[in-house]
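# Reading the structure
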Amino acid sequence: EAQVTQNPRYLITVTGKKLTVTCSQNMNHEYMSWYRQDPGLGLRQIYYSMNVEVTDKGDVPEGYKVSRKEKRNFPLILESPSPNQTSLYFCASSFGLAGGPGSYNEQFFGPGTRLTVL
Amino acid sequence: LAKTTQPISMDSYEGQEVNITCSHNNIATNDYITWYQQFPSQGPRFIIQGYKTKVTNEVASLFIPADRKSSTLSLPRVSLSDTAVYYCLVGGGSYIPTFGRGTSLIVHP
């Protein structure tokens, strides 16, 4: 089954304790992205990756790191989490073509990771 | 980047047709218009995409006028399960489209 998986689905941690949220897709997609969603703010992009070893900042990258060593995986790293990073996080992927079917417009989303930082 | 404007919320009743309009006055020539649906605590799901005129699939229809400065997502005969947030995105030509706050649709019995 074509899908984007995220782990863990739920995480409660404390300020300053490094954590990693994994994201994996089995569709051979080139483009992958991380979003956070907060009440009233919609989906905001954190980082994205156009391909292996190619990553770039989204709208809200502060406090986050990513890496893209393999095409299928795109982990999100919080080196020193803070309470303002408490949020619902989504990973997404697409073929990464420009425009039309199969493009960046057609992103497949993971189930989400609900993170609470105390 | 093409900015989109859509209503924050809408209400409807079961069995009615719902039309959600999105304005995107500065859409670029190679931009596409895409709509997503998101249920609470789930990731957004692609619904439909179009460039011009009308596109229809098993879920919805998308109407795009000739000037492409707006688009309308049409959901026929909605049910309670259509209660969700609907996002209008413009882009995909030369840049990656971004999500806004979307339109929260509530369908009442």
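### Notes on the overall build of chain B
What chain B contains, in helices and strands, is zero helices and nine strands. By the compact-globule yardstick of 13 Å for 109 residues, chain B fits well, its C-alpha radius of gyration being 13 Å. By principal-axis analysis of the C-alpha atoms, chain B measures approximately 40 × 30 × 20 Å. The buried share among the 109 residues of chain B stands at 46%. Summarising the internal contacts of chain B: among those between residues at least 6 apart in sequence, 54% fall at separations of at least 24. Carbon and sulfur atoms make up 52% of the accessible area of chain B, which amounts to about 5,300 Å² in all.

### Regarding the pattern of salt bridges
A full pass over the atoms with the stated rule returns four salt bridges over all chains. Salt bridges here are not isolated pairs; linked through shared partners, they connect K18, K65 and E79 of chain A.

### Comments concerning the packing of aromatic side chains
Counted by the stated rule, this structure contains eleven aromatic pairs over all chains. Here Y35 of chain A and F99 of chain B contribute two aromatic rings whose centre-to-centre distance is 5.5 Å and whose plane-to-plane angle is 85°, an arrangement assigned as edge-to-face. With Y35 of chain A in strand β4 (residues 31-38) and F99 of chain B in the loop between β8 (84-91) and β9 (103-108), this residue pair bridges two chains. Members of the aromatic cluster, joined through ring pairs, are Y35, F90 and F109 of chain A together with Y36, F46, Y87 and F99 of chain B.

### Quick word on the sheet that holds strand β1 (residues 4-7) of chain A
Residues and elements named next belong to chain A. If you trace the four strands from one edge of the open sheet to the other, you get β1-β3-β8-β7, paired in antiparallel fashion. Edge positions in the open sheet fall to β1 and β7 (65-66), since each of these has one partner strand only. When strand β3 (residues 19-25) meets strand β8 (residues 76-78), the two strands line up antiparallel, connected through three bridges. Directly across from V21, in β8, lies its bridge partner L76.

The rules behind these values
- Residues numbered from 1 in each chain as written.
- Chains lettered and ligands numbered in written order.
- Predicted model: local features only at pLDDT ≥ 70, side-chain atom pairs only at ≥ 80, totals over all residues.
- Heavy atoms only, no water.
- Helix = DSSP H or I, 4+ residues; strand = E, 2+ residues; numbered from the N terminus.
- Rg over C-alpha atoms; globule rule 2.2 N^0.38 Å.
- Buried < 20%, exposed > 50% of the residue type's maximum accessible area, 1.4 Å probe, protein only.
- Contact = heavy atoms within 4.5 Å.
- Areas by Shrake-Rupley, 256 points an atom, 1.4 Å probe, with all protein chains shown as cover.
- Salt bridge = Lys/Arg side-chain N within 4 Å of Asp/Glu carboxyl O.
- Phe/Tyr/Trp six-rings, centres within 6.5 Å; stacked < 30°, edge-to-face > 60°.
- Pairing = 2+ DSSP bridges.

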